[in-house]
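# Structural overview
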Amino acid sequence: LDHLIERTTSIRASCLLLDHLTRFPAASPVPARSLALLQKPLGLTVPVLRFLRRHPTLFAEQPHPRFPTLPSFSLTPASHTLLARLADASVRDAHLRLARLLLLTRSRSLPLASVLPLRFDLGLPFNFAAAFPISHPGVFAVANNRISLLSASGLPKDIAVSSLQRRHAAAIDSATYRALSRPPSSSSAPLAFPMRFPRGYGGMKKVKAWMDEFHRLPYISPYDDASGIDPESDIYEKRNIGLLHELLGLTVHKMVRRNAIRLLREELGLPHKFTRLFTRYPGVFYLSLKCKTTTVVLREGYERGKLVEQHPLAAVRDKVHYVMRTGVLYRGKGLSKLVLDENVAEEEGALDGEEFEGEGMDEDADVECFGMEIVDDVGPADDEDDEGDSDG
């Protein structure tokens, strides 16, 4: 999973740069000096100029029209092809993922500054704040730098059903009479979280007893009102596990950065030290410090290093990674080596044998590059949650 996190952070940096460069006229390359200002928003640990030159299959270097000695960059033909595919894949159900995220909150609304760090994770288009209220009137609204869910009437009927509940309903429909006639046990109880423990951990007797007791607690949907539950009770803790499980399930890569969750903490009703929820349940979540940031991964989302349910947007981002790796291996000749047909499995498999060093990124890698300032608003209680973190 650490390797997948490193791979995803490299793709994230490239996608953010592609989004930034596509807003400039094609005839005027962007000077590297102006792109260097994006060092912090992109979260790169290497200079932006070095990152751009490292991937010539995505970013074409050319002299500036007025200042020939000034390196400038524009998009390659492969980049335009990938941008079109990314846009097509992101608009399919992006509004449903955003609607589910807003339904998880107490007020059915979030500040745009809290949603922007999740734009890549949720697969939202760059202009979602302006496009969604127009394409779905009566459902979304933006006012005072907040996006709100006005009504769920124009959305599917099961929009407020968690992924765990849908999976359980599908399992009942496909179950045999013999399986249904068995008495429920702790390992096959309804709405039990799938557990994938680290090697040697799940076999401990104390852990098994603790997990059996945890599964016997009633499951509360993260979309239901939990205001009447004692925040100090075990039931509320299981509700928080279900909420985080649903939040990670909404993302394209089944992973999210912890600082992005912190921005949603109050609206989601999470405790101040919510990181302890990830460490207390290692069978559900995987906590990583890779790439100089804290990332949470949903363990059940991956099987043998691959997504169990791959979203079409994740498949297109795999092609972005394939183009990046081709540029690293072949440099200037990489464009002639690219094959961007629908089936590029053989080409990607040929490159998997080579090592590819991903660029590390810090906590602000998700913040988009359109003039928004990054403000660290962390209270004293949250500072204790940062112990052991390796933010750059």
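About the criteria used
Residues numbered from 1 in each chain as written. Predicted model: local features only at pLDDT ≥ 70, side-chain atom pairs only at ≥ 80, totals over all residues. Heavy atoms only, no water. Helix = DSSP H or I, 4+ residues; strand = E, 2+ residues; numbered from the N terminus. Buried < 20%, exposed > 50% of the residue type's maximum accessible area, 1.4 Å probe, protein only. Contact = heavy atoms within 4.5 Å. Areas by Shrake-Rupley, 256 points an atom, 1.4 Å probe, with all protein chains shown as cover. Pairing = 2+ DSSP bridges. Axes fitted to C-alpha atoms, helices over the stretch in contact; angles between N-to-C directions. Parallel < 35°, antiparallel > 145°, perpendicular 65-115°, else oblique. Left-handed = near helix turned anticlockwise from the far one by under 90°. Nonpolar A, V, L, I, M, F, W, Y, C, P; charged D, E, K, R; others polar. Core = buried A, V, L, I, M, F, W, Y, C linked by side-chain atoms within 4.5 Å. Domains from an automatic or database assignment. Expected span 1.5 Å × (residues − 1).

The number of helices and strands found in the chain is 20 helices and 11 strands. Every one of the 392 residues in the chain was classed for burial, and the buried ones make up 49%. For the chain, long-range pairs separated by at least 24 residues make up 70% of all intrachain contacts whose partners lie at least 6 apart in sequence. Within the structure as shown, the chain displays about 19,500 Å² of accessible surface, and the carbon and sulfur contribution to it stands at 52%.

So, about the sheet that holds strand β1 (residues 30–31). On the basis of which strands lie adjacent, the open sheet formed by three strands has the order β1-β3-β2 and antiparallel pairing. With partners counted over all chains shown, the strands left at the sheet margins are β1 and β2 (59–63), one partner each. Summarising the sheet, β2 and strand β3 (residues 71–75) pair through five bridges and their orientation is antiparallel. Following the sheet pairing, Glu61 is matched in β3 by Phe73. The strands touched by helix α1 (residues 2–21) within the sheet are β1, β2 and β3, with β2 carrying the most contacts at an inclination of about 50°.

Attention now moves to the packing of helix α6 (residues 94–104) against helix α13 (residues 234–250). Two elements in contact, α6 and α13, have axes separated by 10 Å at closest approach and are oriented at 165°. Here α6 is positioned roughly antiparallel relative to α13, judged by the angle of their axes. α13 is crossed by α6, and the crossing has left-handed handedness. Within the contact between the two elements, α6 uses Arg97, Arg100, Leu101 and Leu104 and α13 uses Leu243, Glu246, Leu247 and Leu250. Here the residues of the contact of α6 with α13 are counted per class, giving five nonpolar, no polar and three charged.

With that out of the way, let us pick up the sheet that holds strand β9 (residues 295–298). The strand order across the open sheet built from three strands is β7-β9-β8, with neighbouring strands paired in antiparallel fashion. Two strands in the sheet have a free side with no partner beyond their single neighbour: β7 (255–257) and β8 (285–288). Averaged over all pairs of adjacent strands, the angle between strand axes in this sheet comes to 20°, irrespective of strand direction. Of the pairings in the sheet, the one linking β8 to β9 comprises four bridges and is antiparallel in character. Each residue of the ladder has a partner; that of Leu287, found in β9, is Val296. Lying over the sheet, α1 contacts β7, β8 and β9, oriented at roughly 70° with respect to β7. Packed onto the sheet, α13 meets β7, β8 and β9 and runs at close to 90° relative to β9.

Core analysis: the largest hydrophobic core is formed by 51 residues, its most contacted members being Leu98, Leu101, Phe128, Phe140 and Phe285. Residue-level mapping places this core at the junction of two domains, with at least three residues from each of domain 2 (93–157) and domain 3 (163–303). Apart from the residues lying within four places of it in its own chain, the contact partners of Leu101 are Leu110, Leu118, Leu122, Leu247, Leu250 and Leu264. Counting 42 residues, the second largest nonpolar core, distinct from the first, contains Leu21, Leu35, Leu82 and Leu307.

Take unusual backbone geometry next. If you check the backbone angles, Asn145 has positive phi at about 60° while not being a glycine. On the secondary structure map, Asn145 appears in the loop between β5 (140–143) and β6 (146–149). What makes Asn145 exposed here is its relative accessible area of 61%. Positive phi outside glycine occurs at Cys291, with the angle close to 60°. Here Cys291 is to be found in the loop between β8 and β9.

To continue, consider α13. In an α-helix, one full turn covers 3.6 residues, which means residues spaced three or four apart are oriented alike. Spanning 17 residues, α13 covers 25 Å between terminal C-alpha atoms, matching the ideal 24 Å at 1.5 Å per step. Counting buried positions along α13 yields 14 of 17 residues, so the element is predominantly enclosed.

The next thing to look at is the packing of helix α5 (residues 77–90) against helix α17 (residues 312–330). Remark: α5 packs on α17, axes separated minimally by 8 Å, with the N-to-C direction vectors making an angle of 160°. With respect to each other, α5 and α17 are oriented roughly antiparallel. Taken as a pair, α5 and α17 cross one another with a handedness that is left-handed. On the side of α5, the interface is formed by Leu82, Arg85, Leu86, Ala89 and Ser90, while α17 contributes Pro312, Leu313, Val316, Arg317, Lys319, Val320 and Val323.

Take the environment of Leu83 next. Along the chain, Leu83 falls in helix α5. For Leu83 and Asp19, which are 64 residues apart along the polypeptide, the C-alpha to C-alpha distance reads 8.1 Å.

Below, the discussion takes up the environment of Leu263. Tracing the chain through its elements places Leu263 in the loop between α14 (258–262) and α15 (265–268). Between the alpha carbons of Leu263 and Val115 there is a distance of 8.6 Å; along the sequence they are 148 residues apart.

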